[in-house]
Amino acid sequence: MVSKIQISKEKIAQSIGALWKSFTDKQYQVLLKNLSVHQFKKSEIIYKDFESPIYTMCLIQGKVKIFKGGTSGRNQIVRVIKPIEFFSYRAYFAHEDYKTSAMSFENCTVAFFPIQILKEFMSEDFEICRYFIQRLARELGIADDRTVNLTQKHIRGRLAEALLFLKESYGIEEDGSTLSIYLSREDLANLSNMTTSNAIRTLSAFANEKIIAIDGRKIKIIKEKLLRKISRTE
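Being a predicted model, the structure only gives us computed values, none of them experimental. (Residues numbered from 1 in each chain as written. Predicted model: local features only at pLDDT ≥ 70, side-chain atom pairs only at ≥ 80, totals over all residues. Heavy atoms only, no water.)

Go over the overall build of the protein chain, please, and point to the residues and values.
The helix and strand tally for the protein chain stands at 9 helices and 11 strands. Expected size for 234 residues packed as a compact globule is a radius of gyration near 17 Å; at 19 Å, the protein chain falls within 12% of this value. Expressed as lengths along the three principal axes of its C-alpha atoms, the size of the protein chain is roughly 60 × 35 × 35 Å. Counting all 234 residues of the protein chain, 45% fall into the buried class. Residue pairs at least 24 apart in sequence account for 72% of intrachain contacts in the protein chain once pairs closer than 6 positions are excluded. Of the roughly 12,500 Å² that the protein chain leaves accessible, carbon and sulfur atoms contribute 52%. Within the protein chain, one finds 37 positive and 27 negative side-chain charges whose respective centroids are separated by 4 Å. (Helix = DSSP H or I, 4+ residues; strand = E, 2+ residues; numbered from the N terminus. Rg over C-alpha atoms; globule rule 2.2 N^0.38 Å. Buried < 20%, exposed > 50% of the residue type's maximum accessible area, 1.4 Å probe, protein only. Contact = heavy atoms within 4.5 Å. Areas by Shrake-Rupley, 256 points an atom, 1.4 Å probe, with all protein chains shown as cover. Lys, Arg positive; Asp, Glu negative; His and termini not counted. Charge placed at Lys NZ, Arg CZ, Asp CG, Glu CD.)

So this is what it looks like as structure tokens:
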């Protein structure tokens, strides 16, 4: 279950409004009035496929995966969300129920406000419309690239692409090489469109070749240029 927590809604509303250059004080007050903040524990469902979209969601802290169930019972991670990013709104504007589910990778904080409020903001302000059009366009481009990568590349290329995708999405830690997200082998497999056993074997092969170093769920990229070459050519 989702539980409300006490957090500075004013600060969150300001962070969201800062994404929209022309955000007015009136809009800020409307957002603040309709904003709710919720905390999710690790591996907790945020929304499920086939539910009807009601809220616009913005990740404030933590990491979230968007995934789709497959016919074989294995989930496919189609997108990852980082702070401060919106999610859950596409289905509403497509007049659809959710086609995916969202789950927290780790404990996270998510801001909710009714999609109807976002719709009103967009009708009032073209800059807010532009923001979401650009976001959807970028996400479509990334989805197109990942579709090709996950269907045409071999296992090594898919895993290399997934590791680089995580680096670009979440960055690296202060040591300059460790990914700032600690995925289970199953999640890494679901991101790479392969079985967990194949992900484990390929990850071990990369470690043996000194391309990466593994410490539990921590993955350190040692030879990024070689990883990129594998991603492009294998």
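Describe the environment of Thr195, naming the residues involved and giving the relevant values.
Within the fold, Thr195 resides in the loop between helix 7 (185–192) and helix 8 (196–208). C-alpha of Thr195 to C-alpha of Phe165: the two residues are 30 residues apart in sequence and 18 Å apart in space. In this structure the side chain of Thr195 is engaged in a polar contact, spanning 3.2 Å, whose partner is the side chain of Ser197. A polar contact of 3.2 Å, which involves the side chain of Thr195, links it to the backbone nitrogen of Asn198. (Polar contact = N/O pair within 3.5 Å; in protein donor to acceptor, adjacent residues only side chain to side chain.)

I'd love a proper account of the packing of helix 4 (residues 115–124) against helix 5 (residues 126–152), names of residues and values included.
Contact geometry of helix 4 with helix 5 gives a least axis separation of 5 Å together with a crossing angle of 115°. Taken together, the residues of helix 5 that come into contact with helix 4 (itself represented by Leu118, Phe121, Met122 and Glu124) are Phe126, Ile128, Cys129 and Phe132. Residue composition of the contact of helix 4 with helix 5, grouped by class: 7 nonpolar, no polar and 1 charged. (Axes fitted to C-alpha atoms, helices over the stretch in contact; angles between N-to-C directions. Nonpolar A, V, L, I, M, F, W, Y, C, P; charged D, E, K, R; others polar.)

Outline the packing of helix 6 (residues 155–170) against helix 9 (residues 224–233), listing residues and values.
At a closest axis distance of 7 Å, the pairing of helix 6 and helix 9 adopts a crossing angle of 125°. Of the possible angle classes, the one that applies to helix 6 and helix 9 is oblique. Between helix 6 and helix 9 lies a crossing whose hand is left-handed. Side by side, helix 6 and helix 9 meet where Arg156, Gly157, Ala160, Glu161, Leu163, Leu164, Lys167 and Glu168 of the first sit next to Glu224, Leu227, Arg228, Ile230 and Ser231 of the second. Classifying every residue of the contact of helix 6 with helix 9 by side-chain character gives 5 nonpolar, 2 polar and 6 charged. (Parallel < 35°, antiparallel > 145°, perpendicular 65-115°, else oblique. Left-handed = near helix turned anticlockwise from the far one by under 90°.)

Which residues make up the sheet that holds strand 5 (residues 64–69), and what values do they have?
Reading across the sheet, the 4 strands line up as 3-8-5-6 and stay open at both edges, with antiparallel pairing between neighbours. One side of each edge strand has no neighbouring strand; the edge strands of this open sheet are strand 3 (45–47) and strand 6 (75–81). Geometrically, the sheet is characterised by an average inter-axis angle of 35° between neighbouring strands, direction not taken into account. When strand 5 meets strand 6, the two strands line up antiparallel, connected through 6 bridges. Along strand 6, the bridge assignment pairs Lys65 with Val80. Here helix 7 sits on the sheet in contact with strand 5 and strand 6, set at roughly 90° to strand 6. (Pairing = 2+ DSSP bridges.)

So what's going on with the packing of aromatic side chains? Which residues, and what values?
For the coordinates displayed, the defined rule picks out 16 aromatic pairs. Grouping aromatic residues by their ring pairs yields a cluster made of Trp20, Phe23, Phe86, Tyr89, Phe113, Phe121, Tyr131 and Phe132. Above the ring of Tyr170, the side-chain terminus of Lys63 is found at 5.5 Å from the ring centroid. It is Arg146 that lies over the ring of Phe165; its NZ or CZ is 4.6 Å from the centre. (Phe/Tyr/Trp six-rings, centres within 6.5 Å; stacked < 30°, edge-to-face > 60°. Lys NZ or Arg CZ within 6 Å of the ring centre and 35° of its normal.)

Outline the nonpolar core, supporting the account with residue identities and numerical values.
Among the nonpolar cores identified, the biggest contains 29 residues, and Leu163, Leu166, Leu188, Phe206 and Leu227 are the most heavily contacted of them. Top contributing element to this core by residue count: helix 6, with 8 residues. Aside from chain neighbours lying at most four places away, what touches Phe206 is Arg156, Leu159, Ala160, Leu163, Ile211, Ile212, Leu227 and Ile230. Grouped together as the second largest cluster of nonpolar side chains are 24 residues, Phe86, Leu118, Cys129 and Tyr131 included. (Core = buried A, V, L, I, M, F, W, Y, C linked by side-chain atoms within 4.5 Å.)

Any chance you could break down the pattern of salt bridges for me, citing the residues and the numbers?
Applying the stated rule across the entire model yields 12 salt bridges. When the shortest N-O distance is used, the salt bridge between Glu127 and Arg130 registers 3.3 Å. Of this pair, Glu127 and Arg130 are both found in helix 5, 3 residues apart, which corresponds to roughly one turn of the helix. Accessibility expressed as a relative area gives 30% for Glu127, which makes it partly exposed. For the salt bridge of Glu168 with Arg228, the shortest nitrogen-to-oxygen distance reads 3.6 Å. Pair noted here: Glu168 is in helix 6 and Arg228 is in helix 9, with a separation of 60 residues, a long-range link. Note on Glu168: relative accessible area 54%, which makes it exposed. Given a relative accessible area of 28%, Arg228 falls into the partly exposed group. (Salt bridge = Lys/Arg side-chain N within 4 Å of Asp/Glu carboxyl O.)

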